[in-house]
Amino acid sequence: MRVIKTARLTLEPQIAAHAEEMFLVLSDPAIYEYENKAPPSLEWLRTRFTKLETRRSADGREQWLNWVIRLPSSELVGYVQATVCPEARAAIAYELTSAYWGRGLARHAVKAMISELVEHYKIRSLVAVLKGENLRSRHLLERLGFSVASPEQHLTDRVELGEVLMRREGGCA
C-alpha cells in the first residue's frame, strides 16, 4: 500500500499505531446513525487494526486495504477502505467524523482511493452497501458515478433488508 497525497488530504495506510487517534474519531455517536456501532474500547480497536495490517483475509483470497484520512493540520478525521476480490472487484466503505461532514472531504478521500484502486490494483467494478435511509452517503456515491444495483445483484451479494447495494463499473470518476 502507498500513501496517497492530494491537495486537501493524505490517505495513510492504516496501522495499529493509528488506533488511539482513530478511537477518538470513531467515538463520534453521529456517525452511527445508520451504520454499525462505536468500537467498545481502545484495546479492541488496536487489536482490530493489528489484524487488518496483514492486508489479507484468512484464506488469502481478499486484500484488505485500509487508509486513515489525515488533514494538512495533521488531524485524523476518518478512514476509507476497500476489500479487493480476485475478479477485479472491490467493496468500499468510508467513515468521517461528523465535524467534517458537508465539506467535500469524504468525496475527495473516496475519489482518491478509487483512483488508487483502478490505477494500481486494476479494479474494474466497485460496490458499496449502505442503509437505505442514509441519503448523505447515497448522494456521495451517486456523485462518484455509482448507481443502485439490480434486485438480482442485491440477492447475489446477499444484501440485508433495509440496505442498498450501489455499483460502479469502469475507471476513475
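Owing to the predicted nature of the structure, the values given are computational and were not obtained by experimental measurement.

**Points about the pairing of strand β6 (residues 125–131)**
Most of β6 sits out of view: five of its seven residues are buried. Relative to β6, strand β5 (residues 89–96) runs parallel, the two being bridged by three bridges. Looking across to β6, one finds that Ala91 is bridged to Val127. One crossover worth recording links β5 to the parallel β6 by way of helix α3 (residues 105–121), and it is right-handed. Summarising the sheet, β6 and strand β8 (residues 163–169) pair through seven bridges and their orientation is antiparallel. Residue pairing for β8: Leu130 is matched across the bridge by Val164.

**A few points about unusual backbone geometry**
In this model, Arg55 sits at a positive phi of 65°, which is unusual for a non-glycine residue. Its location among the elements puts Arg55 in the loop between α2 (42–52) and β3 (63–70). Residues other than glycine seldom take positive phi values, yet Ser74 does so here, at roughly 85°. Within the secondary structure, Ser74 is located in the loop between β3 and β4 (76–85). Given a relative accessible area of 43%, Ser74 falls into the partly exposed group.

**Focus: the environment of Met113**
Along the polypeptide, Met113 turns up in helix α3. Taking C-alpha positions, Met113 is 18 Å from Trp101, a pair spaced twelve residues apart along the chain. Dropping the residues within four chain positions of it, Met113 is found in contact with Leu11, Trp67, Val80, Gln81, Ala82, Ile92 and Ala93.

**As for helix α1 (residues 19–26)**
Listed in full, the buried residues belonging to α1 are Ala19, Met22, Val25 and Leu26. For α1, the angular spread of buried residues about the axis comes to 115°, placing them on one side. Facing away from the buried surface of α1 by more than 90 degrees, the exposed residues are Glu20 and Leu24. Elements in contact with the buried residues of α1: α2, β3 and β4.

Calculation notes
- Residues numbered from 1 in each chain as written.
- Predicted model: local features only at pLDDT ≥ 70, side-chain atom pairs only at ≥ 80, totals over all residues.
- Heavy atoms only, no water.
- Buried < 20%, exposed > 50% of the residue type's maximum accessible area, 1.4 Å probe, protein only.
- Helix = DSSP H or I, 4+ residues; strand = E, 2+ residues; numbered from the N terminus.
- Pairing = 2+ DSSP bridges.
- Right-handed = clockwise from strand over helix to strand, strands pointing away.
- Contact = heavy atoms within 4.5 Å.
- Arc of directions from axis to C-beta.

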